[in-house]
Amino acid sequence: MAGSSSLRIGNKIKRSEQHVKRKKERESTKRDERLKRRRHEDKNPDLRAARQSRNVPATIDSKRTWDEVDPEEGGEDAALGRSVDILRAKRRKVEESEATEDVDDEEAQNEEAPDNKEDDLDSMLGSDSEDDAATKSAPPVREPSEAPSIATDLALTPESLSTRFPALFDPPPDQQPKVLITTSLNSALHQEGQMLTTLFPHSTYIKRSAHAHAYKYSIREIAKYAHGREYTHLVILNQALHVKEPSGLDIVLLPGGPMFHFSISHFVAGKKLPGHGNPTNHYPELILNGFKTPLGLLTAHLFKSLFPPHPEIQGRQVVTLHNQRDYIFLRRHRYVFRDKRATEKQIQGTDGKPMKGVEEVRAGLQELGPRFTMKLRRVDRGVQRGSGQEWEWKGGDEKVRTRFSL
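Residues numbered from 1 in each chain as written. Predicted model: local features only at pLDDT ≥ 70, side-chain atom pairs only at ≥ 80, totals over all residues. Heavy atoms only, no water.

Peer 1: In this structure, what is going on with the overall build of the protein chain? I would like to understand it.
Peer 2: Broken down by element type, the protein chain carries 12 helices and 11 strands. When the 406 residues of the protein chain are sorted by exposure, 33% land in the buried category. Taking the contacts inside the protein chain whose residues are at least 6 apart along the sequence as the reference set, 65% of them involve residues at least 24 apart. If you sum the accessible surface of the protein chain, you get close to 26,400 Å²; carbon and sulfur atoms cover 51% of it. (Helix = DSSP H or I, 4+ residues; strand = E, 2+ residues; numbered from the N terminus. Buried < 20%, exposed > 50% of the residue type's maximum accessible area, 1.4 Å probe, protein only. Contact = heavy atoms within 4.5 Å. Areas by Shrake-Rupley, 256 points an atom, 1.4 Å probe, with all protein chains shown as cover.)

Here it is as structure tokens:
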């Protein structure tokens, strides 16, 4: 009623004063309720824990839907065309196997009934040595980490994928990648192409633009040329139409594919980042986050093959590929561990409590660049579209906002 009566005030100044007064009253009421709740929760911490458990935000990631198909038994469509959580499927199989083993152990124990006391005495004589052997052979128990992890477990690879893409999932041991970087025809992205040579180790950039009457080499011919010179990957940086900006990135696994097509957006060079650093020639560490489906694991193994398997830790450089809602965010940083300052707060876990083991340690980050966002559009069996598609993005797939491919 007070709000409706204040709207009837004809004077604009008086009306605004009443509005400010009502706003202050609402803020003071909320503040008093917040302080009162804090006093009660300080006396009873269970109230705070119950409130935090209820106030979990409902995001699109938490509402994500999965296809109930086993990638080991679902065939080719289930391998790449379905949204299947590999970790959940593997965990279900492990639980089922453990349950069957427990049932078998119980049946075996019931069948073995002791008949003679002498057997019991004999077994008691050798119990000390058996206990000692068991304690020596038992592995140390490791406490679970308190920090939530979204890292990609590359060991959870379905057999169907490893047989279809042996070059990605079963590469030669200690193979050093060698990348040839070029651009689309008559492209002006020479600085961006040269910039990618600092991102991928053992990479070389070759300009593809030529005279108007010169011979235009196709992607197949360039791939054959690169394979003859012991290159393992071919990267093509595509330019947007009428704009001097990258619009796509094609990655070919030599010699015969597969070929991955990514679209690129929000490309920012390292020199345009505020407070940026300069990269060094050290092999970076690689972080792959959020790749859960078979198609996501295939993409993660592709990025893994672009970097040397043994990073140089002394360089303190890390390349992060973070997948969220089928968008892959690429960042490169230099990190340093330092002591916690007096003005900094403690690191808290998902439960709101301080994490153990990192009370006095902080990690400082300096972005090196470049940064950009990718989205997977197509996976070809061989080189270019004519070889056939293993998977292709379709516009109708995004009608369901809670279903993702990676």
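Peer 1: Help me understand the packing of aromatic side chains in this model?
Peer 2: Given two aromatic rings, their pairing is described by the distance between the two centres and the angle made by the two planes. Enumeration according to the criterion identifies 6 aromatic pairs in this entry. Judged by centre distance (4.9 Å) and plane angle (85 degrees), the rings of Tyr215 and Tyr217 are edge-to-face. Under the relative-accessibility criterion, Tyr215 is labelled exposed at 52%. With centroids separated by 6.4 Å and ring planes inclined at 10 degrees, the aromatic side chains of Phe260 and Phe262 adopt a geometry described as stacked. Relative accessible area serves as the criterion here: at 0%, Phe260 is assigned to the buried category. Taking relative accessible area as the criterion, Phe262 reaches 3% and is therefore assigned buried. By way of ring pairs, the aromatic residues Phe260, Phe262 and Phe303 are connected into one cluster. Its end group placed over the ring of Tyr231, Lys178 keeps NZ or CZ at 4.6 Å from the ring centre. Positioned over the ring face of Trp393 is Arg377, at 4.5 Å from the centre of the ring. (Phe/Tyr/Trp six-rings, centres within 6.5 Å; stacked < 30°, edge-to-face > 60°. Lys NZ or Arg CZ within 6 Å of the ring centre and 35° of its normal.)

Peer 1: It is not clear to me how the nonpolar core should be interpreted in this structure. Could you clarify?
Peer 2: By size, the foremost hydrophobic cluster in this structure holds 46 residues, and its most contacted members are Leu249, Phe262, Leu298, Phe303 and Met374. Per-element accounting of this core gives the leading share, 6 residues, to helix α12 (residues 294–305). Leaving out residues up to four positions away in the same chain, Phe262 has contacts with Ser247, Gly248, Leu249, Asp250, Ile251, Thr299, Leu302, Phe303, Ile328, Met374, Lys375 and Leu376. (Core = buried A, V, L, I, M, F, W, Y, C linked by side-chain atoms within 4.5 Å.)

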